[in-house]
Amino acid sequence: MATSEKNLRTCNQGHKYYKSSDCPTCPTCEQERKPENGFLSLLSAPARRALENNGITSLQELAKYSEKEILQFHGMGPASLPKLKSAMNENGLSFCNEK
Ligand SMILES: [Zn+2]
């Protein structure tokens, strides 16, 4: 039986992976955990630029605005709103519509 430096591990999501170090990070989980600004890739180019031009590169930034304000950005269309909303919901955020 060959000795291997790597150990088979299973993360709490059930992913199997080999790690030689003690680092418990699961590569599959790492890959699935998108960066918070991943929502920008859901948008059309004009909508994405509209947010970036206003300094919004994260969902946390986006949550500081209301839907109305977002729609006023040049390039932002109503079709982008559902995408933004669901991305925010997934992260426990929502538009600040009470302003
Ligand atoms: Zn995992």
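About the thresholds
- Numbering of residues starts from 1 in every chain and runs along the sequence as written.
- With the structure being a predicted model, the display of local features is reserved for residues of pLDDT at least 70 and the display and counting of side-chain atom pairs for 80 or more, all residues being used for whole-chain, interface and lining totals.
- Side-chain calculation: all heavy atoms of the structure are included, whereas hydrogens and water are not.
- Here a salt bridge means any side-chain nitrogen of Lys or Arg lying within 4 Å of a carboxyl oxygen belonging to Asp or Glu.
- Going along the chain from the N terminus, every DSSP run of H or I of four or more residues is numbered as a helix, and every run of E of two or more is numbered as a strand.
- The criterion for strand pairing is that DSSP finds at least two bridges linking the strands in question.

A. Here's a closer look at the pattern of salt bridges. Inspection of every chain in the model, using the stated rule, returns two salt bridges. Here Lys64 and Glu61 are joined by a salt bridge, their closest N and O atoms 3.1 Å apart. Where Lys85 meets Glu67, a salt bridge forms, and the shortest distance between an N and an O atom there is 3.4 Å. Highlighted residues: Lys85 in helix H5 (residues 80–90) and Glu67 in helix H4 (residues 67–72), separated in sequence by 18 residues.

B. Here's a closer look at the pairing of strand S2 (residues 16–19). Of the strand pairs in this sheet, strand S1 (residues 7–10) and S2 are connected by four bridges, and their pairing is antiparallel. Opposite Leu8, over in S2, you have Tyr18 as the bridge partner. Between S1 and S2, which follow one another and run antiparallel, lie five residues, and Gly14 among them has a positive phi close to 90°.

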